[in-house]
Amino acid sequence: MSVRVRFAPSPTGYLHIGGARTALFNWLYARHTGGTFVLRIEDTDEARNSQEAVEIILSSMQWLGLDWDEGPTCGDLKAAAKGDRGPYFQSQRSDLYQKHVEQLLQKDLAYERDGAIRFRMTREPVVIPDLVCGQVTRKLTDREEADPDFVIVRSDGKPVFHLVNVIDDLEMGITHVIRGEDHLSNTSKHIALFQALGATPPQYAHIPLILNQDGSKMSKRDLGASMTTYMEEGFTPAAVVNYLSLLGWSPKDDRQKMELAEVIELFDLPQVLRHNARFDMDKLLSLNGQYLAQLDMPAHLQMASQALERSGISLDSWEPAYVQAALESTHGKFKQMSEILDYAGFYFSSSEDISRDEEACQQHLIPDNLPLTKALRQALAATTPFTADTIQATFKATALELGVKVGKLVHPVRLACTGKTKGPSLYDLMAILGQKRVLKEIDRALEQMH
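Residues numbered from 1 in each chain as written. Predicted model: local features only at pLDDT ≥ 70, side-chain atom pairs only at ≥ 80, totals over all residues. Heavy atoms only, no water.

**Let's talk about the overall build of the protein chain**
Quick note on the threshold: Strands are runs of DSSP state E lasting at least two residues, helices are runs of H or I lasting at least four, and both sets are numbered from the N terminus onward. Two things to know: the radius of gyration comes from C-alpha atoms, and the globule rule equals 2.2 Å times the number of residues to the power 0.38. Residue burial is assigned from relative accessible area. The probe radius is 1.4 Å, only protein chains are included, and a residue is buried under 20% of its type maximum, exposed over 50%, and partly exposed in between. Every residue pair with non-hydrogen atoms within 4.5 Å of one another is taken to be in contact. This count recognises Lys and Arg as positive and Asp and Glu as negative, with His and chain-terminal groups excluded. Positions of charges follow a simple convention, taking NZ of Lys, CZ of Arg, CG of Asp or CD of Glu.
Looking only at helices and strands, the protein chain features 20 helices and 11 strands. Rg of the C-alpha trace for the protein chain: 30 Å, well past the compact-globule value of 22 Å for 450 residues, more than 25% over. Dimensions of the protein chain along its principal axes, counting C-alpha atoms only, are 100 × 40 × 40 Å. By residue count, 51% of the 450 residues in the protein chain fall in the buried class. If you take every contact in the protein chain between residues at least 6 apart in sequence, the share linking residues at least 24 apart comes to 73%. Of the side-chain charges in the protein chain, 48 are positive and 60 negative, and the distance between the mean point of each set is 2 Å.

**Topic: empty space enclosed by the protein**
One water molecule sets the probe size; rolling that probe over the atoms shows where empty space is left. Under the convention used in this document: Residues are said to line a cavity or pocket when one of their atoms sits within 4 Å of a point; the points come from a 1 Å grid over protein atoms alone, cavities being sets where a 1.4 Å probe fits but cannot get out and pockets being open sets with protein on both sides within 12 Å along at least five of seven lines. Grid points are joined across faces, edges and corners, and a volume is the space filled by probe spheres set on the points. Three residue categories are used. Nonpolar comprises Ala, Val, Leu, Ile, Met, Phe, Trp, Tyr, Cys and Pro, charged comprises Asp, Glu, Lys and Arg, and polar comprises the others, including Gly.
Applying the stated criterion to the full structure yields one cavity of 30 Å³ or more. One number sums up the size of the largest cavity: a volume of about 80 Å³. Together, Met121, Glu124, Val126, Arg138, Lys139, Leu140, Glu144, Pro148, Phe150, Ser188 and Lys189 line the largest cavity. Here the residues of the lining of the largest cavity are counted per class, giving five nonpolar, one polar and five charged.

**A few points about helix H18 (residues 407-418)**
Residue pairs spaced three or four apart in an α-helix point in one direction, given the helix's 3.6 residues per turn. Short version of the rule: By definition here, a helix of n residues has an expected span of 1.5 Å times n minus one.
Across its 12 residues, H18 extends 16 Å between first and last C-alpha, which sits within 8% of the 16 Å expected from 1.5 Å per residue. Considering only its buried residues, H18 is in contact with helix H15 (358-364), helix H16 (370-381), helix H17 (388-402), helix H19 (426-433) and helix H20 (435-449). Gly419 lies just past H18 and shows a positive phi near 85°.

**Comments concerning the sheet that holds strand S7 (residues 150-153)**
Whenever strands of a sheet pair, they do so through backbone hydrogen bonds, lying parallel or antiparallel. Worth spelling out the cut-off: Pairing between two strands is assigned when DSSP locates at least 2 bridges connecting them. A fitted line through C-alpha atoms serves as each axis, taken over the contacting stretch for helices, and the angle formed by two N-to-C directions is quoted from 0 to 180°.
Strand order in this open sheet of three strands is S3-S4-S7, and the pairing throughout is antiparallel. Since the sheet does not close on itself, it has two edges, and those belong to strand S3 (110-113) and S7, each with one partner. In this sheet, adjacent strand axes meet at a mean angle of 45° when their direction is disregarded.

Structure below.
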């Protein structure tokens, strides 16, 4: 049997991290088995759907690298949103749903009441053979015993989730339904519908939910819940995919960092964990830092430039060689690229716009350091060429002449040039800023020391 799985999001908002993890598990299983990954947009809820949400889902999937084998056009988001390729938008499949509803009505497996169409639900317990949860027997609840039948077409003529979900899985030949455990309560209805339609249900695998660190359910307002956070805050897709693959699945060792090819090779449904996963932003940030440090320089420069542009800094007014040198000095220095503004924003700020750390100023830009910094300023003015190596040599020679440790000179100058106590290598950043700018910043610091 050739595996066919699907990811079927509803375009009612951003893509939730739980939805992204569900998409990833389906994608991994398809790639592991050599099967097919189908993307289907469940957009029958006209009141809540939005074109923007469709595009967010598609762009999030593309950002993660989760290419689909069947579904909306991968390369053209506008064409995909219009459904120009394939019947993968439920809103375009109403005739198909109507055909199956009529069959159920003809067989007396559904009936009309108060303008709506209801399905005659079995009164017997439904056994759900789940590949993750095991054998689950779903009995009727006390409330359902009186009337277990449920609506499949509303009085306004719109089909509901249970019906269209099952019909699409049937028509698309889906063999495995991998979805969140919160859908387990729906599965007895879906199995009953499959059987009423004369079809064998697919195999189900309900994966554990993603919870916050405190064990609460992750809501849309919680940290890290939205995929747009990762796309806009300087995460690498590889780090997010790596982390999500380990939320509810384990390769049976303690590794945190795994290459995607290895995850695909090892991923299988029997290794999906039964207990809910806890989302840990600190672990994700640590992992992302490792991936950022591994970026080749062109990829780093591209991500860094995009992060600065999103922060409101236009790089067009700076010389390309200067921009490149400045951004290269930040490679591998932080856990998410959005930190670059705080870390290296001074490169693209005027002297007047640099805000100096007040606590650090009270420690380093003090009268006691005035003669030391003056002597260093004089030495730096005579340093030629003004390179990282010659600057370092000037610091060491001046410290030796003054009888102090180099750090006594480093701290005031770093604070003068960057406004902060941490950042890129001091000698490198001074060379990048250039002699004229460095001397100007030191002069401003000397005034503050008086």
